[in-house]
Every structure is written in structure tokens, then in C-alpha cells.
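# Structural overview
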Amino acid sequence: MSPEASSAPRSLAEALRARDDASLAALLRDRPDLIVPVPTDLTQLATRAGTRASVLRALEHLDRFALQTAQALAIAPDPATYDTLHELLAGDDGDPAVSEALPGAVAALRRQALIWGDDDRLHLVRTARELLAPSPQHPSPTGLGPTVREATSGMSPGRVQQIVNTAGLPSTHDPVSAVAALTGLFADRKRMNALLGGAPEAAREVLTRLMWGPPYGQVTADPATHLRWLLDRGLLLPTAPGTVVLPREVALHLRGGRAHRVPEPAPPAVEPAVAHGPQIVDATGAGQAYTALATIEDLLKHWDQGGPAVLRAGGLSVRDLKRTAVALDAPEPLAAFWIELAYAAGLIASDGAADERYAPTPAYDTWLERPVAERWGRLAAAWLAATRTAGLVGGRDIKDRALSTLGPGLDRSAAPEVRHRVLTLLAELPVGVAPAPEAVLTRLTWERPLRTPQRDGTEDLRIRLARWALSEAELLGVTGRGALSSHGRALLGAASERKDAPADAAPAGRPLSSAGQSTATAVGLLAPLLPEPLDHVLLQADLTAVAPGPLLRPLAETLGVLADVESKGGATVYRFTPASVRRALDAGQTAADLHAFLARHSRTPVPQPLAYLIDDVARRHGHLRVGVASAYVRCDDDAVLNEIIADKRAAALRLRRLAPTVLAAPCDPATLLEGLRALGYAPAAESAQGDVLITRSDAHRTPPRTAPEPVPEGPPPADTILLTAAVRAIRAGDLAATTPLKAPGPGPTGGDLPRTSPADTLATMQAAVMTGEAVWIGYVNADGAASQRVVAPIRVEGGFVTAYDHTADEVRTYPLHRITGVAELADD
């Protein structure tokens, strides 16, 4: 055996052992499931890297060409050479694009520990071969069937000899050599061309139909002449009664040596679809951003005094979602998105009361005090990092339970990575250029082709996440007219490094680089694009007020109490009604306050009908007083009370007179207030002291709540410090497991751990202290877990050994009674 062959790795563990620390750290970073818990040595790391769950997770993160390369290796001999792999992907005629991309694909597979060995002996990890190799139960995307050896494994030796003879080959002494001869014939291009040259036309048509898969077909007990011709020469081989298969070697010959019909070595380009001016994109995005903020504020105002009840299973009921959608004047899926966005930003939560309801959090009041652009920055950052996916609302989970807004089961760990990747693809286009959405989806499909099929036949989850990301980015103003805005590029935080980042540069769960700085930059770019808040409105004679733009917050809040919003758009129209004026009076305003407020903030004179409306409602407001009897009504004008008692509509209130100016009712004060208002009166609530109660619109808040944490996909990625420590621990453990030992001396031995008597253990330790040499020990901790370690003893006293542990890379103390035995290391 040559020195080169003897130095080649014989297993994945040996291949990993030959890697440097940086390469091992890259493997643990790309496959974070391998580090939980930290493997004890490289053999355990290799074993864990070959488990089915870990390999499947790694395969799902390959791009299409890397996956095609792995699929080609799965149908190649094991081991395969680089040239054989190249022929399977490029074919007999060659393909320059494949030749250029193949080294990178092989390097990616080797980096992920899915293949190992040098280029002259490439091994695909056994579990990956089992997952990707063709089988009747799991057809390969290559469309290839079994080899001649696999297809003839259950065939009688006599039948194999008949096929060999009919194909024009000499008889052999055993079926193994016969199968080898037939395989050699099918792999020989010249001899196969000569054999197929004599095939009937119908037989060649059958081979053409089966060539690209599926390779299985049906035949009758008495096949036609052209099928018999194929069966006699082994070009079709029986696999079961009535079923035949096209052998892999025959299919490869017909394909010109290609494993895939269409190799895809290069990612599909995200072609531009429409180009806009950068100013138009930014202005559109800013308008959408302001609309998003207004919608969130409307939602939280709608829930300001306590929102919908929390379902027993968690989440919002379908009826409450419909009511919220009506209040926001939006479709239900869009309302679900705004609710989930406010929840992700920590602005709404459940109040935790006995009658649990959703309500704004104290963070909402803090959020309202911030500048407009900063409020948008918080929403956009929460959207980028959130794993909760509003697009799933209305669907069913794996247990066929309905998925509700704010309910469980909406987390999808891949959502942040997909959003980040979609925005990165948009950032790779020139400024102001928008791609076709299907081009983005096609690119994402190339980057992650191997995904679990959906049970209900719907699109792959990653593609649906990408569709939702595109639409949600437009709603939030991250994009404008389909193109990434300038503040969207800043929010992405990776626009300057996008050309150097691989397709999988942002695994799910990893926080965006410099997220806080990126958000601050985005806020700074958006702020000048947002309209300046106005301090005035235009009052009209039809009891409406027009706000020609966004209003200052104090003005908007007061006007929102005094009037009802009638329509929104570029300008907001407010309508004054008796009920809205009474609402302002209930909040503690007086008629004089309202007249002064309108005169101060209107660019037009206060219309006479509006002044009359305010004075008329104020004149009647508080004329009736409602308190606790269960409830009572008092009024200085007994004629008004007589009128109420005489009204048949008041019968449901069951009022009775206690005094000429006092009526009592068995219902609570709130019900009595609403009942009298429904009759057209304007009563005011009063306290036990007789003072008018002033109601506030911001009366209900939840206790302090934190925003929901994103749910990572699998173990969180390790940072540099953890990776360095893990590699050091694995190296040390591997040293302990592979260090040569001297032949054991007399004494009890056995098992994987060294076994020596207590006296021999103590003597060897004391000798090692004097010589300073390292020794190999077996150790059982307090939990009963056994391990082997390489230690350099420093001190032995009091029944304890203090030593430098090479495995843990630190000084530790071990009780002598827990050391199973000790052995000296070999001199080399």
C-alpha cells in the first residue's frame, strides 16, 4: 500500500481529526445541533453528525446544486472519485457551468461533514446515502432506479446466465461474475451503442419514456415482442410480478452520463421587473409607514378600555377578530397581522385578570411619547425578528385545531431568516428597482429545495413565508412599490456586505448584525420623509372638521374625544354629534373649554350649528345625576323626572320615585346611564359625595409585560467564545481517547476504563507527581457517569488528587476512591 493511501482517512472521525480548529468551529457553527451537548471527542462528534435527524437538517440547508451533487454521489460507487462525480453532473459532453461550480459544492458538502475523504476517494455519509439513494419506497429526484446488481439480487443464476448470453456476452462460472460482466457492458458506451443499434423502434421508445424516470413500468404475463427483446437482454429487469425497472447503468447511458435532467449549478437571477425613481420609492414607503402607525394606534385606542376576552385555549375568538377588522376597516387577515405586530412589539398583552382580556401595555404609553419615526422603528424591528406568523391564522395545526390570532401554534422558526433573506435579495438590486415576486420565490426555492411536503398539498412553508414577507414589508413601508426603500436598506443592516454573504448567511434565530444601530439609521432616514404634524383643522358648516394631514398628538387626542372619525385618507374627516360632544363633557371638559379649543385650532370660523350643538348638549349635560342605590337619578327639575317615569321606553329600567327630585332603580349605575342616554337624555354620573365623575379613555392597562421572545429553529447558534471552548474540549477529549497507553501491569483490568487496585492507583499517582508525567485515569462522578481523562498530577494528599486535566483544560481535584484505575501513556 502506498504512503498516500495509508494516510487517507478511513472514517469520518479520522477526517474530522485531520481538520484544524477553524474548520471544526465552522462545522459546529453551520450545524449547531452537533454542539448540544458538547461531544466528548471527535468520534462522538462524527457519530452525532451521521444521525438521521442531524443529516436531514443539514440536507435541508443545502442549495439546489449542492443537493444535486449529494444526490449524484448517492448513486455513484462508494467511494467515488471527483472525476466520476463530475461526469455524473456534467455528462459525456461536459458543462462549463458545472465544472466551475462543482468545486464549491464539494467544499460545501465537506465543510458540513456530509462527505469526507480526498478527491480520489469521496465518501458520502452513510445516512445521507440512505436518504438520497433511489428505492421503490423513496424515489430519487434523479429519476434513476437500482443498479444491475441490486435489481438481479433475487434472480436465479440460470436466468442471469440467459440474459448474459442473449446480450452477446460469454457465459461465466458464477452469477457474481455474470452480473459484473453485464454491468460492464451497460457502462461501456461503444458496446451499448452497438447493442441498442439492433433494438426495435418500439423498444427504443420504451427506454426513452423510462429514461428520466420514474424507471418502473408494468408488463403482462405475455409481454409484447419489443418488451421481450428488452427483458431478454437485461435492459429491463423484473422486480416483482408484472413490474420491471430500467437499470441505473442503462439509464445513465441513455442520458449521456447525466444524473440529473437539468443541472442547476448557478442560482437563478432575481431579474428586475419595474424601475422607479428612488424618491418615489422612499415617499411611498414613508406613506405606508405612517399608515401602519395610524392603524396600530387605531387598534390600541379601540382596545384602550379593555379589549376582547382571551379564549380558554388562548388567543382571540373569530367573532372578536371580525369586530376588530370592522373597526380598522380592514380584511380579517390584515387585521390579524396588525394585532400580531402590536403583540410582537410588546404594545398589547393579556391583563392576567380573572376575566382575562387583551389590553394595551404600559409600554404603549411610552411608545406614544416617542417621535413618529422611532415608533415605526420599534414596529419594524419587532417584525423582522418575530417568529409568530399572522398568515397562519385561520389554518389548522397538526392536531387539526384552528389557529387563532394571538393564540398558540403561530410560531415558525424560519420566519426571521426568510424575511431577512427576502430583503437581502431586494437589496441586491439597483436602488428603486422592484423584482417580480415569482422571481424572488424561484431564487428561494433554489437556495432551499429540500423541504418537508405539506400535508394539505399547499405550498412549501418557506415559500408562503416569503410571500407574506413581501406583502408585510410593503404594508410597513420597508418597501415602496415593491422596491426596497432607503430606510428599508438601513433596517436590513447588511446591505453593504450582501455581495459577500452566502445564501445561508442568516440562519434562523440569529439576531441581525448591529440591529440597534441599523434601526437607528433607518429611523434617521425615515424621519425627514414623514409629514410634519399639523396644529389646526378646518371646521365646516355640516358639523364636520377636516384634518388636512396628521395632527399633533394632543390635538388628535382631544378631537378624537370630541368628534367621531368619519373617513380617513390623505385627509381625515371628523363628525360632531350629540353623543361625541357629551363624551367630551363626560371627560371633564366644559362648553367654554370646547369653544376655546375649536377657536384656537380651526383655520376657519367656528360654524354656528356647531356652537349651538355644543351649547345645547352642555345645557342638558349633568341636569340628571346618577348614583348608587343600586342606582338613583336625581334632578332639581321634577318635571323632567315625571317625563321619564311617564315614558314607556323607561319601563325596563324599573324606576320608582323616592322623592320629588329622586328616582331609584335596581340596576347598576352604568346600565342606568346607558338606558337614559338611549332615551335621549344626557345624564352624568356622580360620586358618593355628589361630585360629577369624569371618565377617562385610558383607564385600562395591563401590568408591565415583555414582548414575546422569538422561538429559534433548533439550538441557538453558538458564539465565538462557545465555539472556541467546545473545540478545545473536543480536542482534549479526543486526546484522552486516542493517546497510546503502555501495556497494563499486573492487577485487575477490563472494560473501557483502566482498572487498578487502590494501592497501585496511589503509587502511580505519587510517582507521576514526582516525574511530572501525564497519566490516563478512569473516573466515575457523583452521578455515576464514567469518563476517561488525561491528567498531570500536581499533588496527592488527604485522599484527593489535584491535577491539571488535559480533557477539561483546567486544574481539578479528584477523590481517589472515584478513580477506577490509572495507566501510563506510551512514550511516543
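Residues numbered from 1 in each chain as written. Predicted model: local features only at pLDDT ≥ 70, side-chain atom pairs only at ≥ 80, totals over all residues. Heavy atoms only, no water.

### Overview of the overall build of the protein
Just so we agree on the cut-off: For the purposes of this entry, the term helix denotes a DSSP run of H or I that reaches at least four residues, the term strand denotes a run of E that reaches at least two, and both are numbered from the N terminus. C-alpha atoms define the radius of gyration in this analysis, and the globule rule sets the expected value at 2.2 Å times the number of residues to the power 0.38. Classification of residues uses two cut-offs on accessible area relative to the type maximum, computed with a 1.4 Å probe and protein chains only: under 20% is buried, over 50% is exposed, and between them is partly exposed. Only heavy atoms matter for contacts: two residues are in contact if any of them lie within 4.5 Å across the pair.
A tally of regular secondary structure across the protein gives 34 helices and 25 strands. A compact globule built from 828 residues would reach a C-alpha radius of gyration of about 28 Å, whereas the protein, at 39 Å, exceeds it by more than 25%. A burial count over the protein gives 46% of its 828 residues as buried. At a minimum sequence separation of 6, the contacts of the protein that also span at least 24 residues come to 65%.

### A look at the packing of helix H22 (residues 415–427) against helix H23 (residues 437–447)
Worth spelling out the cut-off: Each axis is a line fitted through C-alpha atoms, and for a helix only the stretch in contact is used; angles between axes span 0 to 180 degrees, taken between their N-to-C directions. We call two directions roughly parallel when the angle between them is under 35 degrees, roughly antiparallel when it is over 145, roughly perpendicular when it lies between 65 and 115, and oblique otherwise. The crossing is said to be left-handed when, going from far helix to near helix, the turn is anticlockwise and less than a right angle, and right-handed when the turn is clockwise. Under this grouping Gly is polar, as are all residues other than the nonpolar Ala, Val, Leu, Ile, Met, Phe, Trp, Tyr, Cys and Pro and the charged Asp, Glu, Lys and Arg.
Put simply, H22 and H23 touch, their axes get as near as 11 Å, and they point 120° apart. In terms of axis orientation, H22 runs oblique to H23. Where H22 crosses over H23, the two elements pack in a sense that is right-handed. From H22, Arg421, Val422, Leu425 and Leu426 reach across to H23, where they touch Val440, Arg443, Leu444 and Glu447. Looking at side-chain class alone, the contact of H22 with H23 contains 5 nonpolar, no polar and 3 charged residues.

### Considerations on the environment of Asp586
Counting through the fold element by element, Asp586 comes out in helix H28 (residues 578–586). Classification of Asp586 as buried rests on a relative accessible area of 11%. With 98 residues separating them along the chain, Asp586 and Ala684 place their C-alpha atoms 7.0 Å apart.

### Let's talk about the packing of helix H17 (residues 278–302) against helix H24 (residues 461–476)
Axis angle and axis distance: for two packed helices, these are the angle between their axes and the distance between the axes, and together they describe the pair. Across the interface, H17 lies against H24 with an axial gap of 6 Å and an inter-helix angle of 85°. As far as their axial angle goes, H24 and H17 are roughly perpendicular. Side by side, H17 and H24 meet where Gln288, Ala289 and Ala292 of the first sit next to Glu474, Leu475 and Leu476 of the second.

### Looking at the pattern of salt bridges
Rule in force here: When a carboxyl oxygen of Asp or Glu lies within 4 Å of a side-chain nitrogen of Lys or Arg, that pair is called a salt bridge.
Per the counting criterion, the structure on display carries 38 salt bridges. Arg357 serves as the salt-bridge partner of Asp355, at 3.7 Å between the closest nitrogen and oxygen. Classification of Arg357 by relative accessible area gives partly exposed; the value is 30%. What you see here is one network of salt bridges that share partners, running through Arg159, Arg228 and Asp232.

### A short note on unusual backbone geometry
Residue Pro37 follows Val36 across a cis peptide bond; omega there is -10°. Secondary-structure assignment places Pro37 in the loop between helix H3 (21–30) and helix H4 (42–49). The omega angle of the peptide bond from Asp78 to Pro79 is 0°, so this bond is cis rather than trans. The residue Pro79 is located in the loop between helix H6 (64–75) and helix H7 (82–90) in this model. One non-glycine residue, Ala113, lies in positive phi territory at about 60°. Tracing the sequence through the fold places Ala113 in the loop between helix H8 (96–111) and strand E1 (115–116).

### What about the nonpolar core?
The test is simple: Put simply, a nonpolar core is a bunch of buried Ala, Val, Leu, Ile, Met, Phe, Trp, Tyr and Cys residues held in one set by side-chain atoms that sit within 4.5 Å of each other.
Residues Leu16, Leu28, Leu45, Phe186, Leu230, Leu235 and Leu236 are the most contacted members of the largest nonpolar core, which totals 93 residues. At 8 residues, H6 tops the list of elements feeding residues into this core. In contact with Leu236, not counting residues within four places along its chain, are Val206, Leu210, Leu227, Leu230, Leu231, Val244, Val245, Leu246 and Pro247. Counting 74 residues, the second largest nonpolar core, distinct from the first, contains Ala325, Ala386, Val418 and Leu461.

### Points about the packing of aromatic side chains
Condition: Here the aromatic set is Phe, Tyr and Trp, taking the six-membered ring for Trp, and pairing holds for ring centres within 6.5 Å; pairs whose planes are under 30 degrees apart are stacked, those over 60 apart are edge-to-face, and all others are tilted. By definition here, charges over rings are those cases where NZ of Lys or CZ of Arg is within 6 Å of the ring centre and within 35 degrees of the ring normal.
Evaluation of the coordinates by the stated rule reveals 4 aromatic pairs. Ring centres 5.0 Å apart and planes at 55° place the aromatic pair Phe337 and Trp338 in the tilted group. Judged by its relative accessible area of 6%, Phe337 falls in the buried class. Directly above the ring of Trp367 sits Arg375, whose terminal nitrogen or CZ lies 5.5 Å from the centroid.

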